Amino acid sequence: MGGGGTGDAAAFALRKQGFDGLITLISSDRDRPYDRPYLSKEFLRGEVDLPKVFLHEEADYAKQGIELQLNRKVTGGSIQGGKLAVDGGGEVEFDSLVLGLGGTPRRLHDAPRAENVLLLRSLRDSKALRQALERTSRLLVIGAGFIGAEVAASARQLGKEVLMIEAAAVPLSRALSAEVGEIYATIHRSRGVDLRTATTVQNWHSDGNRVVGVTLSDGRREEADLVLEAVGIEPNLDVPKALGLTIEGGGVRVDEALRAAEGVYCGGDIAFHAHPVLGRSIRVEHWEVAKNQGRGIAANIAGGDKPYAKLPYFWSDQYDVNMEYRGNASGDDRAVWRGDRDGLAFSVFYLRDGLIDAVLSMNDSKTNEVGGKLIERRRPVSESALGNMSVDLAELVPAAAS
Ligand SMILES: Cc1cc2nc3c(=O)[nH]c(=O)nc-3n(C[C@H](O)[C@H](O)[C@H](O)COP(=O)(O)OP(=O)(O)OC[C@H]3O[C@@H](n4cnc5c(N)ncnc54)[C@H](O)[C@@H]3O)c2cc1C
């Protein structure tokens, strides 16, 4: 259930695995499943049209025997009874249940519900933002996380003036470390974004149903024509709570096999997963993780539960800068840098107790891929070798494996 990254991947992978039972994909979205990452980048900029944004053609669902129920919201149900309750009455029966419910954009408590203050999560949101951007020359972005930063980059690429404010002293520092966040701050400023950190909105100024300006915590008043609130998401946990599943780590606790209860699996933004390689539970809000977990769940439903061991992987494209990240750093890791930091072609390895937990790469895909293999080996790797450009990291992989 949930027509996003997890749900769509699980449904199609089940058929690929030879599952021949009924598959019902229920989604509260009006649109059939689509590629969410396009919504802040290529689709928003008008470089990719609708047909490419959808994950499958409409006819593919019928061809694969997947019953797609759009615009339908699940409200609760009973795991023991094998039934889900759906908004407006009605029930859906199940033997196995997959929950991939994603999240809902957070709102600032004092932000007015005005027609020019937008959020970005769905295809509908992205269409509205795309249209609004056509009519404006200036965008105010609140929050310099991935969504805010990617939209800011897209808007600059469309020739718009962009003011982006961020409450933290350094953007993306919690997700990527302060040093990498500083690099992103420099990238945005050098591309013409007016980025103000350690800054919040103090007062909103409205005219009828439109926001016309804000007063910031630095005391300055800024005119606003179009505002994007991009301050993160709240995972959608109402249904898991109603089903009595265990809530932990900001999501639903699932075991190594992504199982929340007998016959019930969770993936994507809502899953707090006991990762068998990293040896701790993690919740990751990224696209490839959702899709791969969906496929892992399908394999478990079709073939019996096995630990899901794929490393988390995500990327972000901003301007001509590609960032990739494998693994999951815990915050207290040692950082080892490799490559050309100023030339924006580098990788950073994050180590804990001598083991690599994560590798972040900017315009350095090859190192990121090898780094993933080094993480999976779970063997100590020499820090000096990691940082030394004359060492071929691929040669360290077999040693780490022995
Ligand atoms: C604009 C944007 C750009 C992004 N770019 C990137 C990127 O570049 N790289 C990256 O790694 N990640 C990116 N992400 C994050 C990524 O898209 C998410 O992590 C991913 O979509 C999560 O998948 P999911 O299956 O958990 O949830 P979703 O894809 O959000 O799907 C959840 C589905 O569940 C449905 N649903 C929710 N509640 C109910 C209910 N009660 N009943 C029925 N249906 C329900 C929703 O309608 C939706 O269809 C981006 C996200 C956004 C919004």
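Structure shown above.
Residues numbered from 1 in each chain as written. Predicted model: local features only at pLDDT ≥ 70, side-chain atom pairs only at ≥ 80, totals over all residues. Heavy atoms only, no water.

## So, the site of the ligand
Alright, step 1. Looking at the ligand, there are 34 residues lining it, with Thr 6, Ser 28, Lys 41, Arg 121 and Asp 269 nearest.
Alright, step 2. A distance of 3.2 Å separates an oxygen atom of the ligand from a polar backbone atom of Gly 5.
Alright, step 3. Measuring from an oxygen atom of the ligand, one finds a backbone N or O atom of Glu 285 at 3.5 Å.
Alright, step 4. Alone, the ligand offers 1,000 Å² of accessible surface; in the complex the protein occludes 94% of this.
Alright, step 5. Elements supplying a minimum of two residues to the shell around the ligand: helix H1 (5-16), helix H5 (146-157), helix H9 (287-303) and strand S23 (313-318).
Alright, step 6. Among the residues forming the shell around the ligand, the class breakdown is 12 nonpolar, 13 polar and 9 charged. (Near = heavy atom within 4 Å. Polar contact = N/O pair within 3.5 Å; in protein donor to acceptor, adjacent residues only side chain to side chain. Areas by Shrake-Rupley, 256 points an atom, 1.4 Å probe, with all protein chains shown as cover. Helix = DSSP H or I, 4+ residues; strand = E, 2+ residues; numbered from the N terminus. Nonpolar A, V, L, I, M, F, W, Y, C, P; charged D, E, K, R; others polar.)

## Section: the sheet that holds S23
Alright, step 1. The 5 strands lie next to each other as S23-S24-S27-S26-S25, forming an open sheet whose pairing is antiparallel. Each of the sheet's edge strands pairs with one partner strand only, and the pair in question is S23 and strand S25 (334-340). Neighbour-to-neighbour, the strand axes of the sheet open up by a mean angle of 15°, direction not taken into account.
Alright, step 2. In this structure, strand S24 (residues 321-327) lies alongside strand S27 (residues 355-362), joined through 5 bridges in antiparallel fashion. Bridged to Tyr 325 within S27 is Leu 360.
Alright, step 3. Lying on the sheet, H5 is in contact with S23 and S24; it crosses S23 at an angle near 30°.
Alright, step 4. The strands touched by helix H10 (residues 365-377) are S23, S24, S25, strand S26 (345-352) and S27; relative to S27, the strand with the most contacts, the crossing angle is about 170°. (Pairing = 2+ DSSP bridges. Axes fitted to C-alpha atoms, helices over the stretch in contact; angles between N-to-C directions. Contact = heavy atoms within 4.5 Å.)

## A word on unusual backbone geometry
Alright, step 1. Of note, Tyr 319 is a non-glycine position whose phi angle comes to about 55°, a positive value.
Alright, step 2. For Asp 353, which is not a glycine, the phi torsion comes out positive at approximately 50°.
Alright, step 3. Looking at where Asp 353 falls in the secondary structure, it is placed in the loop between S26 and S27.
Alright, step 4. A relative accessible area of 74% places Asp 353 in the exposed class. (Buried < 20%, exposed > 50% of the residue type's maximum accessible area, 1.4 Å probe, protein only.)

## A short note on the environment of Asn 209
Alright, step 1. Tracing the backbone through its elements, the reader meets Asn 209 in the loop between strand S12 (201-207) and strand S13 (210-216).
Alright, step 2. Its relative accessible area of 42% is what places Asn 209 among the partly exposed residues.
Alright, step 3. On a C-alpha basis, the gap between Asn 209 and Asp 225 in space is 12 Å, while along the polypeptide they are 16 residues apart.
Alright, step 4. Here Asn 209 is in contact with Arg 113, Ala 114, Glu 115 and Asn 116, once residues within four sequence places are set aside.

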